[in-house]
Amino acid sequence: FFTPYEAQLFAKNIYNYTQENLLTRPISILSFGIGDGRRIYEKIMFCRALGIKNLQLTGIEYDNKVNEQARGLFPEINIITQDLLTWNNQDSSFKELIEKVDFIDASFIFHEIYSFGGRPSPEAPIDHSLGQAKMTSLLSKCSLLLRRGGKLVIMDGYLLPNGDDIVEVKPSRFYGQAYDQLQ
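No experiment lies behind these values; they were computed from the predicted model shown.

J.: Could you give an account of the confidence of the model for the chain, with specific residues and numbers?
T.: Of the residues in the chain, 83% have a pLDDT of 70 or more, and the chain-wide mean is 80. Under a pLDDT of 50 for its full length, residues 174-179 has, in the predicted model, 11 contacts with residues more than four places off or in other chains.

Right under this line is the structure:
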């Protein structure tokens, strides 16, 4: 699942990065498994609420149908239609990004890779050692893509101690007010 808190943390990391590095150039963001774009859309809206508007967004997703939905939210997005696990430095789209990415958003994909990436076919049982090898390979790719000082952001879901607990996550007043102004 996704919460506004995830988007806040992401935007705050980008804000801090721009301040620490005194950046005036566009911030390059690569989002793994962009899907329909809703999750990255929330993150970008929080970035804009913090005054970060100069962003270059690239998403990678294997499903062309959902890529069109993401384009609806971000007409300016560069979408690479490719399976993330087979995408590598032999692909021109990969080569173009080597050492040029400030942030890689790898939220909510590693548990999928660990489980379903460990299946050589849909009928096969899950092989976690294969999934772990694919995760390691993806992390190696990230090290090639990131600029010096770039950041890999990994957020994932969590289980509550009691499955019946209800948790409400609210944006801080600062983020909430800034975000409301964008709506």
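J.: Can you explain unusual backbone geometry? Please cite residues and give values.
T.: Notably, L22 is not glycine yet its phi reads approximately 50°, a positive angle. Positive phi, close to 60°, is recorded for E99, a residue that is not glycine. Mapped onto the elements of the fold, E99 is located in the loop between α4 (92-95) and β4 (101-105). Under the relative-accessibility criterion, E99 is labelled exposed at 56%.

J.: Hey, could you go over the environment of I104 for me, with residue numbers and the actual values?
T.: Counting through the fold element by element, I104 comes out in strand β4. On the accessibility criterion, I104 (0% relative accessible area) is buried. Here the alpha-carbon distance between I104 and T58, two residues 46 residues apart in the chain, equals 9.5 Å. Non-local contacts of I104, meaning those with residues more than four positions away in its chain, are made with L30, F32, C142, L145, L146, K151, L152 and V153.

Reading the values: the criteria
- What you see as residue numbers is a count from 1 along each chain, following the sequence as written.
- Where local features are concerned, this predicted model is filtered to residues with pLDDT of at least 70; where side-chain atom pairs are given and counted, the filter is 80 or more; whole-chain, interface and lining totals use all residues.
- Side-chain calculation: all heavy atoms of the structure are included, whereas hydrogens and water are not.
- The predictor rates its confidence in each residue with pLDDT, a number between 0 and 100.
- Whether two residues touch is decided by their heavy atoms; if any such pair falls within 4.5 Å, the residues are in contact.
- Counting from the N terminus, the helices are the DSSP runs of H or I reaching at least four residues and the strands are the DSSP runs of E reaching at least two.
- Each residue gets one of three labels from its accessible area relative to the maximum for its type: buried under 20%, exposed over 50%, partly exposed in between, using a 1.4 Å probe on protein chains only.

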